[in-house]
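Read off the chains here:
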Amino acid sequence: MSRYFLTQQHNTNQRENRAYNEDFSIAFNISGKLGSKNDVLYVYDTQGVEQSRIRQVSYGILPRFQLLYQDKYVGSIGFNFAGFNDVIFVRYLNWVITGEIVSGKYRIRHGRKKLLEVNPVEFPDGLFYQLDVQNDAQASVHVAIAALLDRWGMKKNRSLLKLPTRSTKYKYKMATRINQ
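Conventions and cut-offs
- Residues numbered from 1 in each chain as written.
- Predicted model: local features only at pLDDT ≥ 70, side-chain atom pairs only at ≥ 80, totals over all residues.
- Heavy atoms only, no water.
- Buried < 20%, exposed > 50% of the residue type's maximum accessible area, 1.4 Å probe, protein only.
- Helix = DSSP H or I, 4+ residues; strand = E, 2+ residues; numbered from the N terminus.
- Pairing = 2+ DSSP bridges.
- Polar contact = N/O pair within 3.5 Å; in protein donor to acceptor, adjacent residues only side chain to side chain.
- Contact = heavy atoms within 4.5 Å.
- Axes fitted to C-alpha atoms, helices over the stretch in contact; angles between N-to-C directions.
- Phe/Tyr/Trp six-rings, centres within 6.5 Å; stacked < 30°, edge-to-face > 60°.
- Salt bridge = Lys/Arg side-chain N within 4 Å of Asp/Glu carboxyl O.
- Lys, Arg positive; Asp, Glu negative; His and termini not counted.

Trainee: Help me understand the pairing of strand β9 (residues 95–100) in this model?
Mentor: A one-sided burial pattern is seen for β9, the buried positions being W95, I97 and G99 and the unburied ones V96, T98 and E100. Pairing of strand β8 (residues 86–91) with β9, which is carried by five bridges, proceeds in the antiparallel orientation. Along β9, the bridge assignment pairs I88 with I97. Turn length for the β8-β9 hairpin, with the two strands adjacent in sequence and antiparallel, is three residues, and the turn residue Y92 shows positive phi of about 75 degrees.

Okay, structure coming up:
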């Protein structure tokens, strides 16, 4: 089992990201963009060799993505409408992603076996996702999926991007004074 830390995206236009290992040295570089058909998100190791790739094959409310590992098609990811907790299936790998994508707490399972657990953590450097990967050979695929879900969570919940301003604070204070 190994642990990685993925920097949280704070801007939907940000195209580069990094995944660090336990001693905070760079393990993977993530680059690319999503949002349009045929957009690609790449995961490179520290030598610059492409390890995995996620390609968007459709767009709209519920887009579909192809997952490639070392230039071989291994699965597809499709989002769906769910209730409070999200359930996402990775076809051809028979993986199930369950949890809350927007808050960054989810797991990837294959049957009853847990493959990945993701939790948000805060360090003095900023906000990160802690990825607990069970199989080191699948680490780049899990980092790619976590980067995809991070970007999807930011697009899904745009209220996270809006920081409170002085005018919104004032309006909130006025509303509380009127209600008293």
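On we go from here.
Trainee: Please clarify how the side chain of D39 should be interpreted in this entry.
Mentor: Take D39: it is sitting in the loop between β3 (26–32) and β4 (40–45). A distance of 3.0 Å separates a polar side-chain atom of D39 from the backbone nitrogen of S36. Ignoring sequence-local partners within four residues, the contact set of D39 consists of K33, L34, I54, R55 and Q56.

Trainee: Honestly, the sheet that holds strand β10 (residues 105–110) in this entry has me stumped. Any pointers?
Mentor: Pairing between sheet strands relies on hydrogen bonds along the backbone, with the strands arranged either parallel or antiparallel. Taken in spatial order, the twelve strands close into a barrel running β1-β2-β3-β4-β5-β6-β7-β8-β9-β10-β11-β12, and their pairing is antiparallel. Between one strand axis and the next, the sheet turns through 20 degrees on average, direction left out of account.

Trainee: Looking at this model, I keep getting lost on the packing of aromatic side chains. Mind explaining?
Mentor: The geometry of two aromatic rings is summed up by the distance between their centres and the angle between their planes. Throughout the structure, instances matching the rule amount to eleven aromatic pairs. Geometrically, the ring pair formed by F123 and F128 is edge-to-face, given 5.7 Å between the ring centres and 65 degrees between the ring planes. Aromatic ring contacts, followed pair by pair, group F5, Y20, F24, F123 and F128 into a single cluster.

Trainee: Would you mind showing me how to read the pairing of β10 here?
Mentor: Regular strands place their side chains on alternate faces of the sheet. With five bridges connecting them, β9 and β10 associate as antiparallel partners. Paired with E100 across the strands is K105, a residue of β10. Here β9 folds back onto β10, and the loop between the two strands holds four residues, one of which, G104, carries a positive phi near 85 degrees. Bridge analysis of β10 against strand β11 (residues 113–123) gives five bridges, and the strand direction is antiparallel. Bridge pairing in β11 links H110 to K113. Here β10 folds back onto β11, and the loop between the two strands holds two residues, one of which, G111, carries a positive phi near 70 degrees.

Trainee: Where do I start with the environment of P120 in this structure?
Mentor: Checked against the element boundaries, P120 lands in strand β11. By relative accessible area, which is 31% here, P120 ends up partly exposed. Apart from residues lying up to four places away in sequence, P120 is in contact with Q8, S103, G104, K105, F128 and Y129.

Trainee: Is there a simple way to explain the environment of K114 in this structure?
Mentor: Along the chain, the position of K114 falls in strand β11. The class of K114 is partly exposed, set by a relative accessible area of 28%. Distance from K114 to V96, taken between C-alpha atoms, is 9.7 Å for residues 18 residues apart in sequence. Those residues within four positions of K114 in sequence are excluded, and the remaining contacts are R107, I108, R109 and Q134. Of the polar contacts made by the side chain of K114, one reaches the side chain of E117; its length is 2.8 Å.

Trainee: Got a minute to help me understand the pattern of salt bridges in this structure?
Mentor: Any two side chains of opposite charge can pair, so long as their charged atoms come close to each other. Counted according to the given criterion, the structure contains six salt bridges. Residue R53 is joined to E50 by a salt bridge in which the shortest nitrogen-to-oxygen separation is 2.7 Å. R53 sits in the buried class, given a relative accessible area of 19%. Judged by relative accessible area, E50 falls into the partly exposed class, the value being 24%. The network of salt bridges with common partners includes E50, R53 and D71.

Trainee: Would you mind going over the side chain of D45 with me for this structure?
Mentor: With respect to the element layout, D45 can be found in strand β4. Buried charge without a salt bridge: D45, with R18 as the nearest opposite-charge side chain at an N-O distance of 12 Å. Within polar-contact distance, the side chain of D45 engages the backbone nitrogen of V49 at 2.8 Å. Once you skip the residues sitting within four places of it in the chain, D45 turns out to touch A27, F28, N29 and Q51.

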